[in-house]
Amino acid sequence: MIHNQSLTAPMNRASNLTNMPSKELEQLIDFHLTYSLGLRKQNASAHDICNALSLAVRQHMIDNLFATEDRYEKNRSKRMYYLSMEFLIGRLLGSNLHNLGMDKVAREALAKYRVELEEVEEAEADAALGNGGLGRLAACFLDSLATQNMPGFGYGINYEYGLFRQHIDNGHQRESPDHWLHEDAPWLLERPYEICTVPLYGRIDHTRKNDGGFGRWVDWKTLIGVPFDIPIVGFGGKTVNYLRLYSARSSNTFDIQIFNGGDYIKAVEEKIYSEKISKVLYPSDSCWSGKELRLIQEYFLVACAVRDIIMRHLQQNKNLDNLAEQTAIQLNDTHPALSIAELMRILLDEYGYAWEQAWAITHACCGYTNHTLLPEALEKWPVNLLEHVLPRHLQIIYDINQRFLDEIARRWPNDGEVLARLSLVEEGWEKQIRMAHLAIVGSHSVNGVAELHSELVKTRLVPDFYALWKDKFNNKTNGVTPRRWIAQANPSLSKLLTDTVGSNAWITDLDKLRVLEKYADDASFRAQFVQSKQFNKVRLAKVIAEQVHVKINPESLFDVQIKRIHEYKRQLLNIMRVIHEYLRIVEDGYSPPIAKTCIFAGKAAPGYVMAKLIIKLINNVGMVVNQDSRANEFLKVVFIPDYRVSQAEKIIPAANLSEQISTAGTEASGTGNMKFAMNGALTIGTLDGANVEMQEEVGADNIYIFGLKTHEVEQMRRLHTYHPWDYYHRSDVIKRILDSLSNNRFAPEEPGIFQPIFNMLLHGGDYFYHLADLEAYIAMQERVSQDFTDSALWNRKALLNIARMGKFSSDRTIREYAQEIWHIQAS
């Protein structure tokens, strides 16, 4: 890691960086190469130049960071803190240069080194601080907060290792460590003087009471959280907020008492154990030690964040009485739900507040965003594990639950079933704490992330809570930042949009792209759009040739599904459709009207056997199809390994068709669907998540919707009327596809490898209804192929998608959160 540089570096206190002369930036790069990195300029690699340029840009961002903080303090601005286990921020150099308006000056400064800006940006590692949509959304929100000059900050963990690096070996996913922090991280600012102490383990001594009459938490061990700040610059550079990430350290270099006792090895082991808490994103919780580590990770984030929030508040206020008037805390899913118990603990035990006052403050501060409808994704922690790791927090949760159930009993007397459903404690052979219930009870606001999702939260997920507190529940449809996902990722389209609108004002007001509607029937304008799309397709074809060693046709339809591999996201449905198209060509002699390239990318959780088998199937189908001369003129299949933000920035601008085909009623929102449509890809999908609102915005004629609706899925599930074997026997199409899995057509050298997929679909009940939607999906794909033959029709639809995506800017989402939940303002 690169540490703080010499104070003798050239400084420029002007906050407007867009006017920096290229010569000045060139001098700063020289300085940092020589004195920060200790390198001779003539020996500098693209990676070295990337670090030096990043340090030069960061140096000036820090000036604006201080100016932003001064402005917030002067205005006594209420602040919002976004707690998330993930922040998938990707590479930062390109994003920061773009938001600062420094792309051109950086390009000019780099000419001296005979290196292109794109090569330098490619040398930066993706910050491996997340897994998927949850972390990418959090990153978009930070960008929108800074762009709209709002006092909003992120809190997360400074993972040394990301999820994992994905490699494909004979079609199988293989994992290796993603040690992104072994490389230089010039954007990280260590704050060693703002460390937080985190108590763990210990016991409750009921013989010793604190001022509130509660037993004291004693004999706990101490962990240290060291903060690192990543500056987050808004578009235009006026506001620079920060994302604060914590690394775990032992409380001492090692426990001196153990050392003095002669056990040096044990002392070192304890130090290593402490510091592994921030080592890796999402350790496996399949064993007890993994569960314990994951619980400690979540509490580590919460304890550091809440402590830091309180300390920051007390710098400007004499006490915590007005904490809720100055502070909003947003819980991004259930992972930070312990914030409620931790804030209560600090108010009760450390500041002596009475329960009622502490609860009023906590409840008014906290808001909870739900991101899932899948019951298995709603966290629950065993009571005995919480008692072992966080005994005081378990005591507080029990107290919260008892007071809550007393309220419920008064409202619904003698209704034990309601009490059991609402309780924070799930009874059973192993008592567990329901973290979603804790988040709902302890927050003043509970929101979903798409209109359909929010409705299902109220009616299907937690209907009893909605009946109790209707005003608490609300919707905040997700959005994505157009800065990264159009302006930065797709420069050719961005230029066309700016030239057409007459300015780049659309970058901060996406509704301004509505003007494109009047150009959708303009043949010359469509031709310019096609040229932009084709440029991106050629670029992606080169990436695929280099990484996957498959040559694809840039004139073909790029049909893309890139997301975490999961049964509910239904990559399996997609590849079964591909199998159908292949068999139709080679067995039926069919000549498709268009050539098609089917592109997949995404990681499966290491322990998720079925998801990993689906990856194997995709790769095996690709190997067969791509080598079959009867078919490969019309059809290619590609799986791009190690999917990450920087890959998405190349794939999304090149897509013609976006696959959003989850089972209706399972996807909370999705944000990839928005990114694709903003870049002129048409969507094929179910009426799930934000697809519903996208159809409303772009028009039913400009999106390809198929399949069961949510209420139909729920009815089939409730009445047990879905019988997969009926589809198999009734449809020759479905039978032929499934038989190809069981007869080893795509695995002649590995017989039986895909039998578990066959069994899951037919014998296992096909929980996500692949077969129920398969024929409708195939039919809609045929319509897609026919429409793609009509270039004018297709590109008119694509342009109308771009024009009508204003609702799905994260700027709009953040304004709604700010006005209706956080009550913060631009400052």
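Higher on the page you've got the structure.
Residues numbered from 1 in each chain as written. Predicted model: local features only at pLDDT ≥ 70, side-chain atom pairs only at ≥ 80, totals over all residues. Heavy atoms only, no water.

Let's talk about the overall build of the protein chain
(1) Moving on: Of regular secondary structure, the protein chain possesses 33 helices and 23 strands.
(2) Moving on: Relative to its length of 827 residues, the protein chain is compact, with a C-alpha radius of gyration of 27 Å against a globular reference of 28 Å.
(3) Moving on: When each of the 827 residues of the protein chain is scored for burial, the buried share is 62%.
(4) Moving on: Sequence separation of 24 or more characterises 77% of the internal contacts of the protein chain that already satisfy a separation of 6 or more.
(5) Moving on: For the protein chain, the exposed area adds up to about 31,400 Å²; of that, 49% sits on carbon and sulfur atoms.
(6) Moving on: Across the protein chain, the centroid of the 91 positively charged side chains sits 2 Å from that of the 102 negatively charged ones. (Helix = DSSP H or I, 4+ residues; strand = E, 2+ residues; numbered from the N terminus. Rg over C-alpha atoms; globule rule 2.2 N^0.38 Å. Buried < 20%, exposed > 50% of the residue type's maximum accessible area, 1.4 Å probe, protein only. Contact = heavy atoms within 4.5 Å. Areas by Shrake-Rupley, 256 points an atom, 1.4 Å probe, with all protein chains shown as cover. Lys, Arg positive; Asp, Glu negative; His and termini not counted. Charge placed at Lys NZ, Arg CZ, Asp CG, Glu CD.)

Examining the sheet that holds strand S23 (residues 704-705)
(1) Moving on: Across the sheet, which stays open at both edges, the six strands sit in the order S20-S19-S18-S21-S22-S23 with parallel pairing between neighbours. Only two strands of the sheet have a single partner each, and these edge strands are strand S20 (635-640) and S23.
(2) Moving on: Across two bridges, the pairing between strand S18 (residues 557-562) and strand S21 (residues 657-660) is parallel. When the bridges of S21 are listed, Asp559 appears paired with Leu657. (Pairing = 2+ DSSP bridges.)

Notes on the packing of aromatic side chains
(1) Moving on: Considering all chains together, one arrives at 26 aromatic pairs under this definition.
(2) Moving on: Ring geometry for Tyr704 versus Trp794: centroids 6.1 Å apart, planes at 20 degrees, classification stacked. Residue Tyr704 is found in strand S23, and its partner Trp794 is found in helix H32 (residues 791-803); the two are separated by 90 residues along the sequence.
(3) Moving on: Judged by its relative accessible area of 1%, Tyr704 is buried.
(4) Moving on: Measuring from ring centre to ring centre gives 5.5 Å for Tyr722 and Tyr727, while their planes differ by 55 degrees; the resulting arrangement is tilted. (Phe/Tyr/Trp six-rings, centres within 6.5 Å; stacked < 30°, edge-to-face > 60°.)

Focus on helix H27 (residues 710-719)
(1) Moving on: Within the span of H27, buried status applies to Thr710, Val713 and Met716. Buried positions in H27, seen along its axis, are confined to an arc of 135 degrees and lie on one side of it. Exposed and facing more than 90 degrees away from the buried side of H27 are His711 and Arg718.
(2) Moving on: On its buried side, H27 packs onto helix H17 (451-461) and helix H28 (724-730).
(3) Moving on: In the stretch just after H27, His720 is the one whose phi turns positive, near 55 degrees. (Arc of directions from axis to C-beta.)

Quick word on the environment of Pro151
(1) Moving on: Looking at the secondary structure, you find Pro151 in the loop between helix H6 (133-147) and strand S2 (152-157).
(2) Moving on: In this structure Pro151 comes out as buried when scored by relative accessible area, which is 0%.
(3) Moving on: In sequence terms Pro151 and Ser662 are 511 residues apart; their C-alpha atoms lie 36 Å from each other.

Things to note about unusual backbone geometry
(1) Moving on: Unusually for a residue other than glycine, Asp219 sits at a positive phi of about 60 degrees.
(2) Moving on: The class for Asp219 is exposed, based on a relative accessible area of 53%.
(3) Moving on: A positive phi angle, near 65 degrees, is found at Asn414, a position not held by glycine.
(4) Moving on: By secondary structure assignment, the location of Asn414 is in the loop between helix H14 (391-411) and helix H15 (416-422).
(5) Moving on: With relative accessibility at 83%, the residue Asn414 sits in the exposed group.

Thoughts on the pattern of salt bridges
(1) Moving on: Scanning the model with the defined rule gives 62 salt bridges in all.
(2) Moving on: Note that Glu697 and Arg514 form a salt bridge whose closest N and O atoms lie 3.7 Å from each other. Here Arg514 lies in the loop between helix H20 (491-501) and helix H21 (523-547) and Glu697 lies in helix H26 (residues 691-698), a separation of 183 residues in the sequence.
(3) Moving on: With a relative accessible area of 36%, Arg514 lands in the partly exposed category.
(4) Moving on: Its salt-bridge partner being Lys735, residue Asp739 comes within 2.9 Å of it at the nearest N-O pair. Of this pair, Asp739 and Lys735 are both found in helix H29 (residues 732-742), four residues apart, which corresponds to roughly one turn of the helix.
(5) Moving on: Residue Asp739 is classed as buried on the basis of its relative accessible area of 19%.
(6) Moving on: Take Lys735: its relative accessible area is 33%, and that puts it in the partly exposed class.
(7) Moving on: Connected via shared salt-bridge partners are Arg91, Glu122, Asp126, Arg165, Asp178, Lys603, Asp642, Arg644 and Lys650. (Salt bridge = Lys/Arg side-chain N within 4 Å of Asp/Glu carboxyl O.)

Some points on the environment of Asn744
(1) Moving on: By the element assignment, Asn744 lies in the loop between H29 and helix H30 (755-762).
(2) Moving on: Linking Asn744 and His172, residues 572 residues apart in sequence, is a C-alpha distance of 16 Å.
(3) Moving on: If near-sequence neighbours (up to four positions away) are discounted, Asn744 is found in contact with Glu750, Pro751 and Gly752.
(4) Moving on: At a separation of 2.7 Å, a polar atom in the side chain of Asn744 contacts the main-chain amide nitrogen of Gly752. (Polar contact = N/O pair within 3.5 Å; in protein donor to acceptor, adjacent residues only side chain to side chain.)

Everything listed is a geometric property; what it means functionally is a separate question.
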